[in-house]
Amino acid sequence: MPGYNRHRLFNYIIFIAIVFFFYSENTVHPDIGRILAISLGFYIGTEFVTPDLDTNSTAYKRWGNLKILMLPYKWTFKHRQSSHNILYGAFVRILYISIIILAFYYIIFKSLSTGLDISPVYPIIFIFGIILANALHVLLDNIF
Ligand SMILES: [Zn+2]
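Notes on the structure in this doc start here. Quick caveat: nothing in here was measured; it's all calculated off a predicted structure.

**What about the coordination of the zinc ion?**
Distances from the zinc ion to its protein donors, namely D52 (OD), H84 (NE2), H137 (NE2) and D141 (OD), fall within the range 2.0 to 2.3 Å. Each of the four donor atoms bound to the zinc ion contributes to angles spanning 85 to 169 degrees, and the resulting shape is irregular. For H84, a relative accessible area of 10% corresponds to the buried category.

**Section: the nonpolar core**
Generally speaking, soluble globular proteins have nonpolar side chains that are buried together. Of all hydrophobic cores here, the largest spans 16 residues; its most connected members are V49, L53, W63, M70, Y73, Y96 and I97. Contributions of two or more residues to this core are made by α5 (88-109) and α6 (121-143). With six residues, the single largest contributor to this core is α5. Judged by nonpolar contacts, the second largest core, of seven residues, contains F15, L132, A133 and L136.

**Details of the pattern of salt bridges**
Going through the model one piece at a time under the given rule, you end up with four salt bridges. Among the salt bridges present, the one from E47 reaches R8, with a minimum N-O distance of 2.9 Å. Separated by 39 residues along the polypeptide, E47 in helix α2 (residues 32-47) and R8 in helix α1 (residues 4-25) bring together distant segments of the chain. Note on E47: relative accessible area 1%, which makes it buried.

**Here's the deal with α1**
Between its terminal C-alpha atoms α1 stretches 32 Å, which fits the 32 Å expected from 22 residues at 1.5 Å a residue. For α1, the full list of buried residues reads Y4, H7, F10, N11 and F15. Taken down its axis, α1 places every buried residue within 135 degrees of arc, on the same side. Of the exposed residues in α1, the ones pointing more than 90 degrees away from its buried face are N5, L9, I13, F20, Y23 and S24. Buried residues in α1 make contact with α2, α3 (58-61) and α6. N26 occupies a position one or two residues after α1 and carries a positive phi of about 60 degrees.

Rules behind the numbers
- Residues numbered from 1 in each chain as written.
- Predicted model: local features only at pLDDT ≥ 70, side-chain atom pairs only at ≥ 80, totals over all residues.
- Heavy atoms only, no water.
- Donors = N, O, S within 2.8 Å, 3.2 Å for Na, K, Ca; no water.
- Tetrahedral: all angles 85-135°; square planar, octahedral: opposite > 155°, others 65-115°.
- Buried < 20%, exposed > 50% of the residue type's maximum accessible area, 1.4 Å probe, protein only.
- Core = buried A, V, L, I, M, F, W, Y, C linked by side-chain atoms within 4.5 Å.
- Helix = DSSP H or I, 4+ residues; strand = E, 2+ residues; numbered from the N terminus.
- Salt bridge = Lys/Arg side-chain N within 4 Å of Asp/Glu carboxyl O.
- Expected span 1.5 Å × (residues − 1).
- Arc of directions from axis to C-beta.
- Contact = heavy atoms within 4.5 Å.

Below is the structure:
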């Protein structure tokens, strides 16, 4: 089973290879906002919101004091089972963390209105970055 750093190295090498591929093929010309959105999503999907939140992993420990928020997730999902499904696992993690973020937002601001005026494209690209990072994690787990 690959360790945390092996997952990180694999993910970043593949991400850089994908970026160079699209850049060299000159097929897509994303604006800087979209590049930042997918890079941030990929970073978070590689470092924090990983399939290994289902166990006492380094990714789980990286949450620091906030790891207590991940306990229900860890208790619910057995290691390397449904949490390691290439699509379902990522969607459940994103949904789980979104509910926590929205709950904190609501507690603080007493409203769910963001007041932000950003295109919905950026959050979609950000989420795609998390899904891509999670998919590479599962892929590497299945190779080793
Ligand atoms: Zn794993």
